[in-house]
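This is what each chain is made of:
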Amino acid sequence: MHSVRLGLYFIAFTTLLLELTLIRIFDHLWFPNMAYMVITLAMFSIGVSGVIVSLKPIDQHRRFWVIIAILAVAMAIACYVILPVLNDLQFNYKHIGKYPVKALQTFMLILTAIATPFLISGLIISAIFSRFADKIQSLYFWDLIGAASGCVAILLAVQQYGAPGLLILCAATALIAASFFIPSRILSLIVLALAVAVGLKPLLRDKPYDIAPHMNKRGFANYYYSGKIETSVWDPVSSIDIVDYRGGIKWIAYDGGTQTSYYYKFDGDYDALRKNIEKLKTIQFWGPMVLVSHYLKANTDSDVLVIGAAGGQETKAALLYGAKHVDAVELVGSVVELAKTRYAEWTGNIYNDPRVNAVRGEGRSFLRGTNHKYDIIQMMSNHTSSSLAAGSGAISPVYLQTVEAYKEYFQHLKKDGILHINHHLFPRMMAAASRAWEELGLTNFRDHVLVVESSQSADNLPTTLISMTPWTSEDLARAESFLNYNNTFHTVVHPSDPEKNYLPDEFFTGEISAKTIERVPYRISAPTDDKPFFNFIRKSLAIEQIDDSKYVNASAAFLLNKRREAGFPLDVLHLFVTGGASILFALIVLGVPMLFSRTGREKWQGKMTFMGYFACLGAGFIIIELVLIQVFMKLIGFPTYTYATAVFSMLLGAGLGSAFSSRLDFNRLSSLRKPFMAVLITIGILLITKDMLFNFALTWSLGIRMLIASLMLVPVGFFLGMPFPIGISLARFKPQGTVAWCWAMNGLCTIVGGLLSVVLSLYLGFTLTIIAASMLYLLAMLLLGRMFHVTEPVNQAT
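Just so it is clear, the structure is predicted and the values come from calculations on it, not from any experiment. (Residues numbered from 1 in each chain as written. Predicted model: local features only at pLDDT ≥ 70, side-chain atom pairs only at ≥ 80, totals over all residues. Heavy atoms only, no water.)

**Description of the overall build of the chain**
Item 1. Helix and strand counts for the chain come out as 30 helices and 12 strands.
Item 2. Taken over C-alpha atoms, the radius of gyration comes to 28 Å for the chain, in line with the 28 Å a tight globule of 798 residues would show.
Item 3. Its C-alpha atoms put the chain at 85 × 55 × 50 Å along the principal axes.
Item 4. Classification of the 798 residues of the chain by burial places 62% in the buried group.
Item 5. Long-range contacts, defined as pairs at least 24 residues apart, comprise 77% of the intrachain contacts of the chain with a sequence gap of at least 6.
Item 6. Here the chain displays about 29,900 Å² of accessible surface, and carbon together with sulfur accounts for 59% of that area.
Item 7. Computing the positive centroid from 66 side-chain charges and the negative centroid from 56, the chain places the two 11 Å apart. (Helix = DSSP H or I, 4+ residues; strand = E, 2+ residues; numbered from the N terminus. Rg over C-alpha atoms; globule rule 2.2 N^0.38 Å. Buried < 20%, exposed > 50% of the residue type's maximum accessible area, 1.4 Å probe, protein only. Contact = heavy atoms within 4.5 Å. Areas by Shrake-Rupley, 256 points an atom, 1.4 Å probe, with all protein chains shown as cover. Lys, Arg positive; Asp, Glu negative; His and termini not counted. Charge placed at Lys NZ, Arg CZ, Asp CG, Glu CD.)

What follows is the structure in structure tokens.
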């Protein structure tokens, strides 16, 4: 059995590593929401695999291990061919409206290629679970531990292998699994040697594996095919390509052009730059909007925090106007590292300046770990395009634009400090900032706010300046004059001039009326850490026109109406597609075995009860896991480490719980129900104590915070891991194929649960979503009673 367990470990390891690798690749090729959609559709094949095994059980086949070994080798081949498929078949969803047949044909071919290894993985796992259902506690342990290891592996290996190279590594680990399943020792060693060779291949190549762009995001494909890519790095958060853009500028393309920053050619002479700043505002910087807060604090030895330092233009602006110290925090650390090394001379050694403390990290986490107060806190269109960093690509949270975030900004500013933000949707920003201001006991928020935007076009980066002291007429005049470059900008929020105010007073009181919230055709209420979905503003599928009476300016209208290339808003298309697919696959997973499999056709008591039980487990576990990733972002801060810590801890705990479940008395229903009650208790304790524990640990080192998170999450995972092997232990006494059918239902509802976690979080918030998912375990406990009573007593001692 040792070889079986190790083979199962590597199958699970490969499956999760492949899933996370594909998420990274499709973030780079497409956008996070579309990446979420295609991966979700592919993962439905795991549920289909259980259906296949229930229709054609192989657990009693005399050549069982030969079949399993062949499947593992097939999985390796399927992983290996994904890269050439993605390079040969290029899908651009913007072409759906123009060339629907060709675009959909390409999409389906890509989907088939990436779904195949997941289908094979599901066949292997469901077949092994069916054959050794009496040892499910041990096997499920190795399955979960393998998945937990795969989650950590991508963070450790992505920079060395690159995401394309990780596809080759997935092929190698699938071959390792095959070597444990092969009955022949000699053949097993040959396959193992081949696996090692395949796994080392990406590291030994002169040139790393590459993947061609599918879309021309911000013109990235043009530069790629013109040979203008100078450097490529797969950071743990995002892919980074440095592009020879044009004279004096290197383009930093995040995730294939999804986001952007620049390295500006600078000789390090700040005095000369300052003398010629009027000419160089738009040559050395994006524009005056980058400089204005530093201009207002010129020659005051300011302390500055830049959140999202990127290519360094904000840091350079601070140094230009005499900042004494700059903390430059950047989530994608490779961008800073390149600026300190290969592009140090090009950028004027900005990040090597002794006044600059360049930090790889997340802005709010950095703030919570310091008591330092700043003259300026600056953010320039700062949010991540990474699905991994966000926890899910379905609807990405924006933790830098919540009420709690603004409270932290205000608390870390000096008494005359300035919060300087360039970000879209300033009306919603005002809702969050004003509420934070009021909750801190501060007053007269309108007197402290200045917002300036372009008067020529939809400005998705209006300049918001919030001063901790009321604006003086002199400073207002200086700021407006500095920002109004070539008379192309105008003020939309002004402390004292009613003619320059786009928003009424209620936007500055901390509480927008229900009537206004209802009247505005997009979501205007203040986001919180419990509902941090700042960018999810859509209320309907209608095309919105500019309507100042409803606060729909050109920018809001643009955001609501963009990405309709397929004739449908693509910011929600993925939710509708995955929702529709969920219904289709639910019919397949329930209907096909019911009509054609032995276990479906035979009459036995509790059939639908078993299906409902495993549906509750699949949906409940994944909802709790995905939401807890978001909750623990507040403690750990760094998104990728949060993801790795939360998923690893939950799966490790679940694996240990599965192993421990063999000690339960399977002849007593009360004993089998104890884990379910423990799930409710441990989740309740976590929800009650998390804020206290988070606040206690926020100033500690990252490693200690990750350890504390693990200690909080492992007990939850421990009890969540018990119900599945309990159910399988009962299902093994039902007709052949039942275990595989239960596995299919669990896999299906795991994917559906991922979608539910998004929808519920949007409307209920994280806390209520976790409580709702916990109720699924309560329902499963109730269903367990009927399952127990219609099943023979089980002697687990054997």
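**As for the layout of surface pockets**
Item 1. Within this model, the second largest pocket holds a volume of roughly 510 Å³.
Item 2. Lining the second largest pocket are 22 residues; nearest its centre among them are Pro208, Tyr209, Asp210, Ser232 and Asp241.
Item 3. Looking at the lining of the second largest pocket, the elements that each hand over two or more residues are α5 (136-181), α7 (220-225), β1 (229-234) and β2 (239-246).
Item 4. It is α5 that provides the largest number of residues to the lining of the second largest pocket, a total of six residues.
Item 5. Its residues assigned to classes, the lining of the second largest pocket shows 12 nonpolar, seven polar and three charged. (1 Å grid on protein atoms, 1.4 Å probe; cavity = no way out; pocket = protein on both sides within 12 Å on 5 of 7 lines; lining within 4 Å. Points joined across faces, edges and corners; volume = space filled by probe spheres on them. Nonpolar A, V, L, I, M, F, W, Y, C, P; charged D, E, K, R; others polar.)

**Here we look at a nonpolar patch on the surface**
Item 1. A contiguous nonpolar patch, built from Leu189, Leu192, Val196, Leu200, Leu203 and Leu204 and spanning about 540 Å² of accessible area, is present on the exposed surface.
Item 2. By secondary structure assignment, the location of leucine 203 is in helix α6 (residues 185-204).
Item 3. For leucine 203, a relative accessible area of 42% puts it in the partly exposed group. (Patch = residues over 30% accessible without salt bridge, like charges linked within 9 Å, V, L, I, M, F, W, Y side chains within 5 Å. Salt bridge = Lys/Arg side-chain N within 4 Å of Asp/Glu carboxyl O.)

**Considerations on the nonpolar core**
Item 1. By size, the foremost hydrophobic cluster in this structure holds 184 residues, and its most contacted members are Phe26, Trp30, Ile128, Phe129, Phe610 and Phe632.
Item 2. With 29 residues, α5 is the largest single contributor of residues to this core.
Item 3. Beyond its immediate sequence surroundings of up to four residues, phenylalanine 26 is in contact with Phe31, Ala35, Val38, Ile39, Leu86, Ile110 and Ile114.
Item 4. One finds Ile242, Ala309, Leu331 and Phe482 within the second-largest nonpolar core, a separate group that totals 52 residues. (Core = buried A, V, L, I, M, F, W, Y, C linked by side-chain atoms within 4.5 Å.)

**A word on the packing of helix α1 (residues 2-29) against helix α4 (residues 100-131)**
Item 1. Packing of α1 against α4 brings their axes to within 11 Å, and their N-to-C directions diverge by 155°. Here α4 runs roughly antiparallel to α1, going by the angle between their axes. Along this stretch, α1 crosses α4, giving a crossing that reads as left-handed. For the pair α1 and α4, the contacting residues are Val4, Leu8, Ile11, Thr15, Leu18, Glu19, Leu22 and Phe26 in the first and Ile110, Ile114, Pro117, Phe118, Ser121, Ile124, Ile125, Ile128 and Phe129 in the second.
Item 2. Across the contact of α1 with α4, the residue classes tally to 14 nonpolar, two polar and one charged. (Axes fitted to C-alpha atoms, helices over the stretch in contact; angles between N-to-C directions. Parallel < 35°, antiparallel > 145°, perpendicular 65-115°, else oblique. Left-handed = near helix turned anticlockwise from the far one by under 90°.)

**So, the confidence of the model for the chain**
Item 1. Here the chain averages 91 in pLDDT, while 96% of its residues score no lower than 70.
Item 2. Confidence drops under a pLDDT of 50 for residues 794-798, and excluding neighbours within four residues, the segment shows 11 contacts in the predicted structure. (pLDDT = per-residue confidence, 0-100.)

**Observations concerning the packing of aromatic side chains**
Item 1. What the rule picks out here adds up to 48 aromatic pairs.
Item 2. Arranged with centres 6.0 Å apart and planes meeting at 20°, the rings of tryptophan 65 and phenylalanine 181 form a pair that is stacked. With tryptophan 65 in helix α3 (residues 64-88) and phenylalanine 181 in helix α5, this pair connects stretches of sequence that are 116 residues apart.
Item 3. For phenylalanine 181, a relative accessible area of 2% corresponds to the buried category.
Item 4. Ring plane angle 40° and centroid distance 6.2 Å describe the contact between phenylalanine 445 and phenylalanine 508, whose orientation is recorded as tilted. On the criterion of sequence distance, the pair formed by phenylalanine 445 in the loop between α17 (426-439) and β10 (449-454) and phenylalanine 508 in the loop between β12 (489-493) and α19 (514-519) is long-range, its members being 63 residues apart. Phenylalanine 508 matches phenylalanine 445 in its accessibility class, with the two residues each being buried.
Item 5. Clustering of aromatic rings is evident, with ring pairs tying together Phe220, Tyr223, Tyr224, Tyr225, Tyr245, Trp251, Tyr262, Tyr264 and Trp286.
Item 6. Here the guanidinium or amino end of lysine 316 rests over the ring plane of phenylalanine 285, the centre of that ring lying 4.9 Å away.
Item 7. Looking at arginine 428, its charged tip hangs above the ring of phenylalanine 534, at a distance of 5.8 Å from the centre. (Phe/Tyr/Trp six-rings, centres within 6.5 Å; stacked < 30°, edge-to-face > 60°. Lys NZ or Arg CZ within 6 Å of the ring centre and 35° of its normal.)

**A word on helix α28 (residues 723-731)**
Item 1. Counting buried positions along α28 gives nine out of nine residues, so the element sits mostly inside the fold.
Item 2. Among all positions of α28, only Pro723, Phe724, Pro725, Ile726, Gly727, Ile728, Ser729, Leu730 and Ala731 are buried.

**Quick notes on the environment of leucine 762**
Item 1. For leucine 762, the position within the fold is in helix α29 (residues 738-764).
Item 2. With 365 residues separating them in the primary sequence, leucine 762 and proline 397 have C-alpha atoms 9.8 Å apart.

**Side note on the sheet that holds strand β4 (residues 259-264)**
Item 1. Read across the open sheet, the four strands follow the order β1-β2-β3-β4; overall the sheet is antiparallel. Each edge of the open sheet is held by one strand with a lone partner, namely β1 and β4. Between one strand axis and the next, the sheet turns by 25° as a mean value, whatever way the strands run.
Item 2. Bridge count between strand β3 (residues 249-254) and β4: six bridges; the pairing is antiparallel. Across the sheet, residue lysine 250 finds its bridge partner in β4, namely tyrosine 263. (Pairing = 2+ DSSP bridges.)

**Observations concerning the pairing of strand β5 (residues 303-307)**
Item 1. Burial within β5 is extensive, with five of its five residues counted as buried.
Item 2. Side chains Asp303, Leu305 and Ile307 of β5 all project onto a buried face; the interleaved residues Val304 and Val306 project onto the opposite face, where all are buried too.
Item 3. The handedness of the β5 to strand β6 (residues 325-330) crossover, carried by helix α11 (residues 313-320), is right-handed.
Item 4. The sheet contact formed by β5 and strand β8 (residues 374-380) spans four bridges and is parallel. (Right-handed = clockwise from strand over helix to strand, strands pointing away.)

**Points about unusual backbone geometry**
Item 1. Of note in the backbone geometry, arginine 218 takes a positive phi value of approximately 55° without being a glycine.
Item 2. Following the sequence through the fold, arginine 218 ends up in the loop between α6 and α7.
Item 3. Look at alanine 310: it is not a glycine, yet its phi comes out positive at around 50°.
Item 4. Inspection of the secondary structure puts alanine 310 in the loop between β5 and α11.
Item 5. When its relative accessible area of 11% is taken as the criterion, alanine 310 is described as buried.

**Observations regarding helix α12 (residues 333-340)**
Note on helix geometry: an α-helix contains 3.6 residues per turn, so any two residues three or four positions apart are oriented the same way.
Item 1. The element α12 is extensively covered by neighbouring structure, given that six of its eight residues are classed as buried.
Item 2. Among the residues making up α12, those that are buried are Gly333, Ser334, Val335, Val336, Leu338 and Ala339.

**Here's the deal with the side chain of threonine 645**
Item 1. Here threonine 645 shows up in helix α25 (residues 639-660).
Item 2. Accessibility expressed as a relative area gives 6% for threonine 645, which makes it buried.
Item 3. Leaving out residues up to four positions away in the same chain, threonine 645 has contacts with Ile636, Met706, Ala709 and Ser710.

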